[in-house]
Amino acid sequence: MFLLLHGIAWGQDSTKTFYITPELPTPGTTITVHYNPAGTPLEGKDGVTGRLYLFHDFQWEGNDLTLRKNGREWTSSYTVPADGALTVCVFQADTVVDYGGKTTYAYMITDPKGGQMPSAFIGWAFLRNPTGGSFGLPGYDNPEAAIADEVALYWIRQELMHHPTSRRRVFYPAMVLLAKVEGDAKKPRIQQEVDYILSQPDVTEQEMIQVAKVYQQQLQDQVHADSVRKAVVAKFPKGNQAKLQIYKQIEQERDVAKKCAMCHTFLRDYPETQADRAFDYENMVNYSRIYAPIFGVELPKKNYAALIPLVPNASYDMLVLMYYKAIQIGHNTGFMTDEQLLPYAIQIIQRMEVLQTERPASHRHLAPSEWLADTRRSYIGYVVTYVDILKKTGNNAEALRYANVAQEALHYKHAELNGAHAFLLDNAGQTEKRDRVMLASVHENQSTPWILDKLREGYVKQHGNDGGFDAYIQSLKNATEVQAEHDRIGKTMINRKMTDFKLVDAKGKPVTLASLKGKIVILDFWATWCTPCKASFPGMKLAVEKYKNDPDVVFYFVDTQERNAGYKENVMSYITKNNYPFNILFDVKGSGKYNDAVFTKICEDFTISGIPQKLIIDANGNLRFITVGYMGSPTELADEIATMVELTRKAI
């Protein structure tokens, strides 16, 4: 009765939802998985994909199934390895996933004698019960199949009855369930198992740590728990328990330089790629808190060379953090030149690419496609920055190669990439591809000023002037999305009396709310240290130019919250250098040390915070729109501002 876990009859029948052939799979057998989505969440969907998770040697391993449509069924073959114990399948189409509901799509593998393989009952129990810890399948979201602790304990007993040699492997979850299900009456039995584990001549560190947890949690014996942990450190001086002690010492260290040195030593002694993720998670050992002090000390000194020895043993997640801290911030803020950043960016990006194809042991439970999808999400975002660094350092051919890779994933929905991609194609003489990128970017409203200038150039060449250019660009946009965005913005309109203010221009001349009566006013609060503020300026320049001949609309860019002396000169220099046709105003100093009095009052009055912050005020001095942040598209931002201006105009 244990051979077939999914609740269907044996025999080949294409009307079944799920079955495997041969009916009694054994290790080494090539099986065929059959899936008919009729009556499931995937009914009627195309492009069904599948994953097979194998439980063997008490751990999960993910595999991708290559499904083929055969009539009503999707089928795929898979060869069961020699120690395969249990398989469970999951099917997906787009974002819809079919786990099989209460009965699941699971099969036990038959051993050569007709019984079940070692660990099969454990996989079946903890696939559906969370007590098993590392025996559970992370990400298996199938609450319909959940079983009670009593049932999970039953399957543990089946495992021990059929495979007594599993006793040590299932010790900890068995003790947890025994205590939960049968209570204090089982304490003598739990103590017996504890004594058995500790009596083994080859007892492992993991087993001793589990014994300490059982003493502390199930037997409520803190003295023995502490004693065992002390013995663990003595027996395994370079093990997990010793690592935990050092980690806690690092956490308590307050001397920055000393802490940085301790973190370097920790990473040499306990490389992240060799870490026991389950132990670290349970004991809150967070490697990002080891890398952070190193970043905090080395990066401000521009000692990027100190990061290079960390790259080979960093996890993928830490490489992402390293790229963000060192490369992304360095590039966006100009703290390092692109020429300085490039060699470090190359090493991190190339290591990320290697790890995308080398699933680490800590993530073997993921199918290769899942691991690749997880890693590519963050990788693609940083590739956009990498493209810009390559482009600005003259590595155009390599930049174009990476731009092509990123575009395959982002599908013209990233303005910065679109601009760089079009420029690089233009530089390479690939004008047809360039034009496709430019037109697609306009359709998605993810364009840059360079793209618009290039399209305008072509339009004038064809028509002799740019008289109908704006209408032409509007016709290229996704009309449905344009209307949806218009409706979304309309729903955010408010009508509240604007805070009275007094700001000053570069010459100290005051500008007040009263002096602007009769005009639609756009106030853009920003600061020279604010990267997204400055990133939004190309889009704001488009908006300013759209209304440059409209006497009823005026833009002011209000510098606020500056931290350095001489900020006014820095502001005007930045605006002039970048050729921004902006009216600059300065916030005034308040009770603190920054020039933030007006912005602080506005934030208090309207319960807002953060910059860039844009306020649209109508001709009667009423606040109509508030918009914070920058989403990354110059044309989308310009259209957003224009929509707010026109809705404000109509509302007066």
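Residues numbered from 1 in each chain as written. Predicted model: local features only at pLDDT ≥ 70, side-chain atom pairs only at ≥ 80, totals over all residues. Heavy atoms only, no water.

### Some points on helix α2 (residues 149-162)
So the rule is basically this: The helix and strand labels rest on DSSP assignments: H or I over at least four residues marks a helix, E over at least two residues marks a strand, and numbering proceeds from the N terminus. Expected span of a helix, by definition, is 1.5 Å for each gap between consecutive residues, and there is one gap fewer than residues. Working definition: with a 1.4 Å probe on protein chains only, accessible area under 20% of the residue-type maximum means buried, over 50% means exposed, and in between means partly exposed. Should any heavy atoms of two residues lie within 4.5 Å, those residues are considered in contact.
For α2, built from 14 residues, the straight-helix expectation of 20 Å at 1.5 Å per residue is met to within 8% by its first-to-last C-alpha distance of 20 Å. Among the residues of α2, D149, A152, L153, W155, I156, Q158 and E159 are the ones counted as buried. In the core, the buried residues of α2 are packed alongside β9 (106-108), α1 (120-126) and α3 (171-182).

### A short note on the packing of α2 against α3
The following threshold applies: In this analysis, axes come from line fits to C-alpha atoms, helices being fitted only over the stretch in contact, and the angle between any two N-to-C directions falls in the range 0 to 180 degrees. These descriptions rest on fixed angle ranges, namely under 35 degrees for roughly parallel, over 145 for roughly antiparallel, 65 to 115 for roughly perpendicular, and the rest for oblique. The crossing is said to be left-handed when, going from far helix to near helix, the turn is anticlockwise and less than a right angle, and right-handed when the turn is clockwise.
α3 packs onto α2 with a crossing angle of 135° between their chain directions and a minimal axis gap of 9 Å. The orientation of α2 with respect to α3, classified from their angle, is oblique. Between α2 and α3 lies a crossing whose hand is left-handed. The residues of α3 that touch α2, namely those facing D149, E150, A152, L153, I156 and R157, are P173, A174, L177, L178, K180, V181 and E182.

### Here we look at the nonpolar core
Definition in use: Throughout, nonpolar core names a set of buried Ala, Val, Leu, Ile, Met, Phe, Trp, Tyr and Cys residues whose side chains join them through atoms within 4.5 Å.
The biggest cluster of nonpolar side chains holds 197 residues, and the ones touching the most others in it are F91, M498, L523 and F555. At ten residues, helix α13 (residues 368-392) tops the list of elements feeding residues into this core. Setting aside its immediate chain neighbours within four residues, M498 contacts L513, L523, I602, F606, L615, I617, G621, N622 and L623.

### Topic: the packing of aromatic side chains
Test applied: Only centres within 6.5 Å qualify two rings of Phe, Tyr or Trp (six-membered ring in Trp) as a pair; their planes then separate them into stacked at under 30 degrees, edge-to-face at over 60, and tilted for everything else.
All chains considered together, the criterion is met by 36 aromatic pairs. An angle of 75° between the planes, with centres 5.8 Å apart, marks the rings of F423 and W450 as edge-to-face. Here W450 lies in helix α17 (residues 449-463) and F423 lies in helix α15 (residues 415-427), a separation of 27 residues in the sequence. Among the residues examined, F423 registers a relative accessible area of 30% and is labelled partly exposed. Pairing F557 with F582 gives two aromatic rings, centres 3.7 Å apart and planes at 10°, and the pair type is stacked. Of this pair, F557 sits in strand β14 (residues 553-559) while F582 sits in the loop between α22 (567-577) and β15 (584-586), and the two are 25 residues apart along the sequence.

### Some thoughts on the state of the cysteines
Definition in use: Defined by distance alone, a disulfide is two cysteine sulfur atoms within 2.5 Å.
Using the criterion set out here, one finds one disulfide in the structure. The partner cysteine of C530 in its disulfide is C533, sulfur to sulfur 2.2 Å. With the S-S dihedral at roughly 80°, the linkage between C530 and C533 falls on the right-handed side. Take C530: its relative accessible area is 3%, and that puts it in the buried class.

### Concerning the side chain of N445
Relative to the helices and strands, N445 is located in the loop between α16 (431-443) and α17. For N445, a relative accessible area of 14% translates into the label buried. Residues contacting N445, with those up to four places away along its chain left out, are K477, S633, T635, E636 and D639.

### Digging into helix α10 (residues 288-298)
Of all the eleven residues making up α10, eight are buried; the element is thus mostly covered by neighbouring parts of the structure. For α10, every residue scored as buried is listed here: S288, I290, Y291, P293, I294, F295, V297 and E298. Buried-residue contacts for α10 involve α7 (240-252), α8 (256-269) and α11 (316-333).

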